[in-house]
Amino acid sequence: MNWIHTNAKEILAAIGAVVTAASLIVKLTPTPKDDALLAKIIRVLSALSLCNADGSFIGKKDA
């Protein structure tokens, strides 16, 4: 756990790089199967974060 806390920035940067690369590859391929897989991965990452994919905070109520 201490290692994760110490290297949090690097871990998040690596996850971001992998998702970015996967997004580029998915856009270049014509099949919808990989699109669905990437959508699932992004949904899981959004669920683990404190913000939604659109940048809004989880649990924030619109006025």
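The rules we used
- Residues numbered from 1 in each chain as written.
- Predicted model: local features only at pLDDT ≥ 70, side-chain atom pairs only at ≥ 80, totals over all residues.
- Heavy atoms only, no water.
- Helix = DSSP H or I, 4+ residues; strand = E, 2+ residues; numbered from the N terminus.
- Buried < 20%, exposed > 50% of the residue type's maximum accessible area, 1.4 Å probe, protein only.
- Areas by Shrake-Rupley, 256 points an atom, 1.4 Å probe, with all protein chains shown as cover.
- 1 Å grid on protein atoms, 1.4 Å probe; cavity = no way out; pocket = protein on both sides within 12 Å on 5 of 7 lines; lining within 4 Å.
- Points joined across faces, edges and corners; volume = space filled by probe spheres on them.
- Nonpolar A, V, L, I, M, F, W, Y, C, P; charged D, E, K, R; others polar.

### Some words on the overall build of the protein
Reasoning step 1: Along its length, the protein carries three helices and zero strands.
Reasoning step 2: Going from N to C terminus, the protein has its helices and strands arranged as α-α-α.
Reasoning step 3: The 63 residues of the protein split such that 6% are buried.
Reasoning step 4: As presented, the protein carries roughly 5600 Å² of accessible surface, and 71% of it is formed by carbon and sulfur atoms.

### Some words on the layout of surface pockets
Reasoning step 1: Taken as a whole, the largest pocket encloses approximately 250 Å³ of empty space.
Reasoning step 2: In terms of lining, the largest pocket is formed by Ile11, Leu12, Ile15, Gly16, Val19, Thr20, Leu45, Ser46, Leu48 and Ser49.
Reasoning step 3: Among the elements of the structure, α2 (8–28) and α3 (32–48) are those that each provide at least two residues to the lining of the largest pocket.
Reasoning step 4: The dominant element in the lining of the largest pocket, judged by the number of residues it contributes, is α2, at six residues.
Reasoning step 5: Partitioned by chemical class, the residues of the lining of the largest pocket number six nonpolar, four polar and no charged.

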